[in-house]
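An overview of the molecular structure
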Amino acid sequence: MKSIPWQDRPEGNKDVIWRYSKNPIINRYDIPTSNSIFNSAVVHFGDGFAGVFRCDNKAVQMNIFAGFSKNGIDWNINHKPIVMQHGNTKMIQSDYKYDPRVVFIEDRYWITWCNGYNGPTIGIAYTFDFNEFFQCENAFLPFNRNGVLFPQKINGKYAMLSRPSDNGHTPFGDIYISYSPDMKYWGEHRCVMKTTPLELSAWQCTKIGAGPIPILTNDGWLMIYHGVINTCNGFRYAMGAALLDTNQPHNVKFRTQPYLLGPAETYELTGDVPNVVFPCAALHSIKEDKLAIYYGAADTVVAMAFGKLSEVIQYTKDNSL
Ligand code: BMA
């Protein structure tokens, strides 16, 4: 497997997560039709990397596009959106697609995204090659967002985090987990994590949603997530981390009270939606103790941040709610 992209912590920086110095890695007009390219997901693929990118076009239609990279930083994104074929269903209606996540499980790559079907719900598809994609049944009823699969079965079943929501700019939202024997029928829904009381940790007091695919560590599943506060200027999105029990992931062991990364750089503060950092993917190496996070910034561009896995875990334990 190719080494993950990496940049050492800048001298004098004391943060547990630090930004890539050449952010953003993908700009809003990087394909001819795009208005913005942001909340996107990447994985190891062949001798490099592949990804699924959210590109809104200049009519501001939301869709997902495949892309490829040798080093995980410089990307070639297809100029045409992904065209779905029938997977485990004939019903592949989709009014829009946004905020993809990607994970390799067993023999193929699975993509989840927010799928427009009479409002937002969770779409699922698989691919073997990032060329042909096969769409499956939606996981849940509308309304739902932030469907994030675990990278392996848990107690014999596929597992997915999600955030039941409404049809608008949802002013609430907690993280749930659901299980499936076959990637078609989902049940055994359990609440994982709720928003926090304002006085305890206000950055995550309005809504929360899972971000990248959870990472299995000796301390449980490391789940990076976004948290939102509703300010007099609208929503502000930051990212935090939690450690979930390995076999019973609805049991939260630790959860950061402070955020790990909040909007502070210009490309996070200004754009189509100001004050948004929205993580959708992470590459990691347990051996090298490295974590590389991909996040959408201000609903306009894609940026990266790095951290030492062991430090993120320790920080999560030491600064837990
Ligand atoms: C959420 C989604 C995300 C977006 C975020 C901030 O509801 O629409 O795609 O990044 O709002 O606008």
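Numbers given for residues are sequential positions, taken from 1 along each chain in its written order. Local features in this predicted model are restricted to residues of pLDDT 70 or higher, and side-chain atom pairs are both shown and tallied only at a pLDDT of 80 or more, whereas totals for entire chains, interfaces and linings draw on every residue. To get the side-chain values, take all heavy atoms of the structure and skip hydrogens and water.

1. A few points about the sheet that holds strand 21 (residues 290–297)
Sheet strands associate in pairs through backbone hydrogen bonding, adopting either a parallel or an antiparallel arrangement. By this definition, two strands are paired if DSSP reports at least two bridges between them. Under the DSSP-based scheme used, a helix requires at least four consecutive residues in state H or I and a strand at least two consecutive residues in state E, with every element numbered from the N terminus. Taken together, the four strands give an open sheet; going across it, the order is 1-22-21-20, and neighbouring strands pair in antiparallel fashion. Each edge of the sheet is formed by a strand with only one pairing partner; in this case those strands are strand 1 (17–19) and strand 20 (277–285). The average undirected angle you get between the axes of adjacent strands in this sheet is 30°. Relative to strand 22 (residues 301–307), strand 1 runs antiparallel, the two being bridged by three bridges. Bridging across to strand 22, arginine 19 finds its partner in alanine 305. Running over the sheet, helix 2 (residues 309–318) touches strand 1, strand 20, strand 21 and strand 22 and is turned about 75° from strand 21. Lines fitted to C-alpha atoms define the axes, with helix axes restricted to the stretch in contact, and inter-axis angles between N-to-C directions lie between 0 and 180 degrees. Whether two residues touch is decided by their heavy atoms; if any such pair falls within 4.5 Å, the residues are in contact.

2. Overview of the site of the ligand
Near the ligand the following residues occur: Asn39, Arg54, Asp99, Tyr237, Val273, Phe278 and Asp299. Pairs of N or O atoms within 3.5 Å make up the polar contacts considered here, provided that, within protein, one atom can donate a hydrogen while the other can accept it, and that residues adjacent in sequence are counted only when both atoms are side-chain atoms. At 2.8 Å, a side-chain N or O of asparagine 39 approaches an oxygen atom of the ligand. At a separation of 3.0 Å, an oxygen atom of the ligand approaches a polar side-chain atom of tyrosine 237. For the ligand, the accessible surface in isolation is 310 Å², of which the surrounding protein chains cover 87%. Residues are classed as near a molecule or strand on a simple rule: at least one heavy atom within 4 Å of it. Reported accessibility uses the Shrake-Rupley method at a 1.4 Å probe radius. Residues are deemed covered only where the shown protein chains occlude them.

3. Describing the side chain of serine 285
Counting through the fold element by element, serine 285 comes out in strand 20. A polar atom in the side chain of serine 285 sits 2.9 Å from the backbone nitrogen of glutamate 288. Apart from residues no more than four positions distant in its own chain, serine 285 is found in contact with Ile4, Lys290 and Leu309.

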